[in-house]
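# Overview (structure and organization)
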Amino acid sequence: QVHLQESGGGWVQTGGSLRLSCAASEPTIRNYAMGWFRQAPGKEREFVATRSRSGRTDYVESVKGRFTISMDNAENTLYLQMNNLKPEDTAVYYCNGAVRIIDGEYSPGDFWGQGTQVTVSS
């Protein structure tokens, strides 16, 4: 069982930046497609970004050009750099391991972090 721990959330004004980190308990995360999901109040959880085992990345359309997912294999840590943040980015962000594609859509895998709150004020 891989344990994931997010950090880096907080409050920021529109146009600001945050970097989320997801520290894994073991290096096997490099064997999984990793990703970020988010859930805003009153809304369903949605896919944000993913990084495949080969390093290929993909994003939900609303964050393309603003968010960057990356991984530091030496530190067993997944990152999400978020720039030009907007109020609609406000949500709890979750790190996820073993992301997969089901019916053409990214679906979360079995490993979750506890989540980190991101709040963007207008």
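Above this text sits the structure in question.
Residues numbered from 1 in each chain as written. Predicted model: local features only at pLDDT ≥ 70, side-chain atom pairs only at ≥ 80, totals over all residues. Heavy atoms only, no water.

So, on to the sheet that holds strand β8 (residues 77-82). An order of β1-β3-β8-β7 is seen for the four strands of this open sheet, with the pairing classed as antiparallel. Looking at the sheet topology across the chains shown, the edges are occupied by β1 (4-7) and β7 (67-72). Ignoring which end each strand starts from, the neighbouring axes of this sheet average 15° apart. Examined bridge by bridge, β7 and β8 share six bridges and lie antiparallel to one another. If you follow S70 over to β8, its bridge partner there is Y79. (Pairing = 2+ DSSP bridges. Helix = DSSP H or I, 4+ residues; strand = E, 2+ residues; numbered from the N terminus. Axes fitted to C-alpha atoms, helices over the stretch in contact; angles between N-to-C directions.)

Counting 29 residues, the largest nonpolar core has L4, W36, F67, L80, M82 and Y93 as its most contacted members. When residues of this core are traced back to their parent elements, those giving at least two are β3 (18-24), β4 (34-39), β5 (46-51), β7, β8, β9 (91-97) and β13 (116-121). Per-element accounting of this core gives the leading share, four residues, to β3. (Core = buried A, V, L, I, M, F, W, Y, C linked by side-chain atoms within 4.5 Å. Buried < 20%, exposed > 50% of the residue type's maximum accessible area, 1.4 Å probe, protein only.)

This part takes up the state of the cysteines. Structurally, a disulfide amounts to a covalent bond that connects the sulfur atoms of two cysteines. This model, assessed by the stated rule, comprises one disulfide. Note on cysteine connectivity: C22 is disulfide-linked to C95, with sulfurs 2.0 Å apart. Of note, the bridge from C22 to C95 carries an S-S torsion of about -75° and is left-handed in sense. With a gap of 73 residues between them, C22 in strand β3 and C95 in strand β9 connect regions that are remote in the sequence. C95 sits in the buried class, given a relative accessible area of 0%. (Disulfide = S-S within 2.5 Å.)

What follows is about the environment of K86. Here K86 lies in the loop between β8 and β9. Expressed as a C-alpha distance, the spacing of K86 and E61, which sit 25 residues apart in the sequence, is 14 Å. Other than its neighbours up to four places away in sequence, K86 contacts R66 and V120. (Contact = heavy atoms within 4.5 Å.)

Across all of its chains, the model carries four salt bridges by this definition. Residue K64 pairs with E61 through a salt bridge whose shortest N-O separation is 3.3 Å. The class of K64 is partly exposed, set by a relative accessible area of 42%. You can call E61 exposed: its relative accessible area is 61%. Through salt bridges with shared partners, a single ionic network connects R38, E46, R66 and D89. (Salt bridge = Lys/Arg side-chain N within 4 Å of Asp/Glu carboxyl O.)

Honestly, it's all geometry; don't read function into it.
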